[in-house]
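For reference, the chains in residue letters:
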Amino acid sequence: MVTDVFGRLVGPATAGALRHHARHPVHAYLLLGPAASGVHDALTAFAAALQCPDYGCATCPACRRVLEGTDPDVVWIERAGLAWRVDEIREAERVSRRRPLGGGYQVVVLEDVELTVAGASPSAPALLKSLEEPPARTVFLLGASELPGALDTVASRCVLVRLAAPSDADIEERLRAEGVSADAAHTAAHAALGSLERARVLADDPALVARLDWWRALPDRLAGTPAVASALAREAAGLLDEAMVPLERSLAVAAARERDESGQLGGRASSRRELEAQSRREQRRFRSEELTLGLSTVTAVYRERLARDLEASRDGDARADHRVAGTLRRLDALAEAQRRLSTTLDEGLLLHDLLFALSDF
Ligand SMILES: [Zn+2]
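Cut-off values and rules
- Residues numbered from 1 in each chain as written.
- Predicted model: local features only at pLDDT ≥ 70, side-chain atom pairs only at ≥ 80, totals over all residues.
- Heavy atoms only, no water.
- Phe/Tyr/Trp six-rings, centres within 6.5 Å; stacked < 30°, edge-to-face > 60°.
- Helix = DSSP H or I, 4+ residues; strand = E, 2+ residues; numbered from the N terminus.
- Buried < 20%, exposed > 50% of the residue type's maximum accessible area, 1.4 Å probe, protein only.
- Lys NZ or Arg CZ within 6 Å of the ring centre and 35° of its normal.
- Pairing = 2+ DSSP bridges.
- Axes fitted to C-alpha atoms, helices over the stretch in contact; angles between N-to-C directions.
- Contact = heavy atoms within 4.5 Å.
- Arc of directions from axis to C-beta.

**Student:** Explain the packing of aromatic side chains to me, and be specific about the residues and the numbers.
**Tutor:** A full pass over the atoms with the stated rule returns two aromatic pairs. Here tyrosine 29 and phenylalanine 46 contribute two aromatic rings whose centre-to-centre distance is 4.9 Å and whose plane-to-plane angle is 80 degrees, an arrangement assigned as edge-to-face. Taken together, the positions of tyrosine 29 in strand S1 (residues 28-32) and phenylalanine 46 in helix H2 (residues 39-51) put the pair 17 residues apart, joining distant regions of the chain. Comparing tyrosine 29 with phenylalanine 46 shows no difference in burial state: the two are buried. Ring geometry for tryptophan 214 against tryptophan 215: centres 5.0 Å apart, planes inclined by 85 degrees, an arrangement best described as edge-to-face. Classification of tryptophan 214 by relative accessible area gives buried; the value is 12%. The lysine or arginine in question, arginine 79, covers the ring of tryptophan 84, its NZ or CZ lying 5.5 Å from the ring centre. The ring centre of phenylalanine 286 lies 4.9 Å from the NZ or CZ of arginine 198, which sits over that ring.

**Student:** Can you explain the sheet that holds strand S4 (residues 138-144)? Please cite residues and give values.
**Tutor:** The strand order across the open sheet formed by five strands is S2-S3-S4-S1-S5, and the pairing between neighbours is parallel. The two strands at the open ends of the sheet, each matched to only one other strand, are strand S2 (74-76) and strand S5 (159-162). With direction set aside, neighbouring strand axes in the sheet form an average angle of 20 degrees. In this structure, S2 lies alongside strand S3 (residues 106-110), joined through three bridges in parallel fashion. Along S3, the bridge assignment pairs valine 75 with valine 108. In the packing of H2 onto the sheet, the strands contacted are S1, S2, S3 and S4, and the crossing angle to S4 comes to about 170 degrees.

**Student:** Give me the lowdown on helix H8 (residues 182-190), citing residues and values where you can.
**Tutor:** By the burial criterion, the buried members of H8 are Ala185, Ala188 and Ala189. Taken down its axis, H8 places every buried residue within 100 degrees of arc, on the same side. Structurally, H8 contributes buried residues whose contacts are with helix H7 (168-177), helix H9 (196-203) and helix H10 (208-222).

Next comes the structure, spelled out in structure tokens:
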């Protein structure tokens, strides 16, 4: 087990590539990967490796400063709105002209560079310009979750490092390394839908196993009446509320920390509002992922039934034929619910419709 700063990242390939680049840095890097691949963590680790005399040992004062966000030479450029504004990019350029105070590099970090814009007040060309001939001891670290065509020229001025979304096994290994028990790491990794952040919340949630059991037992509890279907829809909604508790707890801790820090720095209302909006987005995403997990758990149960009944039907069991038709209908209803999940605002109605479609009145 490697214990340098890159050991914190998921995916051994990512860590290997970044370790190599940290020893021979060029003036700009673009780290590209889906949100679940941990672009933010990779940028932080890379910045630490650039400042560390041992290329990211994770324990020296230089590494610790970067990991704690207190290295004055590592500057994360902030964005007030959804898209980058020209003056924010110019701030990045201004910072890039500074001489580093310490013995490392002047590191300028910009996340979500896909949110630069062309058009009336174009921040994409400003970004391009700032990447032109930076001073020798400056390194730009850019992060993006996608690469629109408008950014091709920006990308061509950077070394592009692609980060892969982690596999369940990668996530499980990462949780174990963070001290999570084998059982909890296994369950959380497989329920995390490829997101390390989600896996960390789930690893800290003793009720996860009970929720998965609820969804697995659902098909057996359904055969009944509309009243049963309604009651189960309400139980499912209650389960989603329950799933939100650990996330809400960790968001509250993060918000309190931000309040402390911004108190020291003079406090910016805009960054507080941004943080609140971000919390709401995270909560919505987590809830929808939780329901996706529930739907896929039930789907797996029906798929097992389908496989069993198809075999029985081949052996001439006529009742199995009948069950196959019913199971296919239910699998359709589950797929339809999954489709609706991305667009609907009414989760209650979705659950009600689903539970009625799954029931056999
Ligand atoms: Zn170090």
